[in-house]
Amino acid sequence: HGSPGAFWESEQESLLFVIEMKAERVQEQSRKLRQMDDLVGAMGYMKSLKLLKISLKMSFSYVQVEKNLSLEDQIVYILQQNEDLKVRIDNCQALIQ
């Protein structure tokens, strides 16, 4: 056997080696977690953009529906005026004849 000092020195070197390996592993896991966090953040951003796009489409569709309804109301009003004018023309022609 060697001296007790040599044994403890060897143990200390082994422990330092293990600690360095574990520190490297922790750093690697930390790097992977940051990458995953970045990815999740990017996915959340993409999801937000997609929801915004859907919301804008829905808003645009609602505006289009409102415009269409307004145009339909205007058409109905103009058709009613047209019918009224036809009746007036017919009445005037009946008076002339």
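Reading the values: rules and limits
Residues numbered from 1 in each chain as written. Predicted model: local features only at pLDDT ≥ 70, side-chain atom pairs only at ≥ 80, totals over all residues. Heavy atoms only, no water. UniProt positions renumbered as here; feature names shortened; annotations may be inferred. Salt bridge = Lys/Arg side-chain N within 4 Å of Asp/Glu carboxyl O. Helix = DSSP H or I, 4+ residues; strand = E, 2+ residues; numbered from the N terminus.

An unreviewed UniProt entry lists the chain under the name Suppressor of IKBKE 1, with Goodea atripinnis given as the organism. A UniProt comment under Sequence similarities (unreviewed entry) is attached to the chain, and it reads "Belongs to the CCDC69 family."

Caption draft 1: Representation of the pattern of salt bridges. Tallying each qualifying case throughout the model produces 2 salt bridges. Here Arg31 makes a salt bridge to Glu28, at a shortest N to O gap of 2.3 Å. Taken together, the positions of Arg31 and Glu28, both in helix H1 (residues 4-96) and 3 residues apart, correspond to about one turn of that helix. With a shortest N-O distance of 3.8 Å, Lys86 and Glu83 are connected by a salt bridge.

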